[in-house]
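Working through the structure, step by step
In case you want the letters, here they are:
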Amino acid sequence: MRGGVVPVGARRKLGRVRKAAKLTRWPNNGLRHSFASYRLAAIHDAPRVSVDLGHTSPQMLYSTYRELVLPTEAERYWKIEPTDIANVVAFSANV
């Protein structure tokens, strides 16, 4: 596979979305932190989430990325999906 993972102009687009949502603060690596916290709450498997993040042990997960998220909140988070799927690109788990 070749090519970029992040689309061209992603930071600018994220800025527009942030402004439209009236978010005054956007932490560095906010999406990564959210993924780690909600994934851990959903699957309760720190070693697996650590691997997903590219860490060699769960220690980094617990010290840096984990926020307290309830399993019910994680379930809602992972059900978020776009209302208009015309421009959504499907990804396959078969890499």
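For the structure itself, consult the block above.
The model shown is predicted, which means the values in this text are computed figures rather than measured ones.

Definitions and limits used
- Per chain, residue numbering runs from 1 following the sequence as it is written.
- For this predicted model, a pLDDT threshold of at least 70 governs which residues receive local features, and a threshold of 80 or more governs which side-chain atom pairs are given and counted, while totals over whole chains, interfaces and linings are taken from all residues.
- To get the side-chain values, take all heavy atoms of the structure and skip hydrogens and water.
- Here, a salt bridge means any Lys or Arg side-chain nitrogen found within 4 Å of an Asp or Glu carboxyl oxygen.
- Numbering goes from the N terminus for both helices and strands, where a helix is a DSSP run of H or I of at least four residues and a strand is a run of E of at least two.
- Exposure is judged per residue with a 1.4 Å probe applied to protein chains only, and the accessible area is read against the type maximum: over 50% gives exposed, under 20% gives buried, and values in between give partly exposed.
- As used in this structure description, the phrase polar contact means that two N or O atoms lie within 3.5 Å; if the pair is within protein, one of them must be able to donate a hydrogen and the other to accept it, and residues adjacent in sequence are counted only when both atoms belong to side chains.
- Working rule for contacts: check all heavy atoms of both residues, and any pair within 4.5 Å makes them a contact.
- Axis definition: a line fitted to C-alpha atoms, limited for helices to the stretch in contact. Angles are taken between N-to-C directions and run from 0 to 180 degrees.
- Convention used here: angles under 35 degrees read as roughly parallel, angles over 145 as roughly antiparallel, angles from 65 to 115 as roughly perpendicular, and any remaining angle as oblique.
- For a crossing to be left-handed, the near helix must be turned anticlockwise from the far one by less than a right angle; the clockwise case is right-handed.
- Note that Gly is not counted as nonpolar here; it falls among the polar residues with everything else outside the nonpolar set of Ala, Val, Leu, Ile, Met, Phe, Trp, Tyr, Cys and Pro and the charged set of Asp, Glu, Lys and Arg.

**Regarding the pattern of salt bridges**
- Under the definition given, this model contains 2 salt bridges.
- Notably, a salt bridge pairs Asp-52 with Arg-39, separated by 3.0 Å at the nearest N-O pair. Note that Asp-52 is positioned in helix H3 (residues 46-53) and Arg-39 in helix H2 (residues 30-43), a separation of 13 residues in sequence.
- We classify Asp-52 as partly exposed; its relative accessible area is 38%.
- A relative accessible area of 19% places Arg-39 in the buried class.
- Between Lys-79 and Glu-75 there is a salt bridge, with the nearest N and O atoms lying 3.2 Å from each other.

**A closer look at the side chain of Arg-39**
- Side-chain polar atoms of Arg-39 contact the side chain of Asp-52, separated by 3.0 Å.
- Ignoring any residue separated from it by four or fewer positions in sequence, one finds Arg-39 in contact with Ser-34, His-44, Arg-48, Val-49, Asp-52 and Trp-78.

**Side note on the side chain of His-55**
- Turning to its location among the elements, His-55 is positioned in the loop between H3 and helix H4 (58-65).
- A polar contact is formed between the side chain of His-55 and the side chain of Arg-32, at a distance of 3.3 Å.
- His-55 has contacts with Arg-32, Ser-50, Met-60, Leu-61 and Tyr-65, leaving out every residue within four places of it along the chain.

**What about the packing of H2 against helix H5 (residues 71-78)?**
- Two numbers describe how H2 lies on H5: the axes approach to 8 Å, and their chain directions differ by 120 degrees. Between H2 and H5, the interaxial angle falls into the category oblique. Along this stretch, H2 crosses H5, giving a crossing that reads as left-handed. Every residue of H5 that contacts H2 at Ser-34, Phe-35, Tyr-38, Arg-39, Ala-41 and Ala-42 is listed here: Pro-71, Glu-73, Ala-74, Tyr-77 and Trp-78.
- Looking at the contact of H2 with H5 residue by residue, the classes come out as 8 nonpolar, 1 polar and 2 charged.

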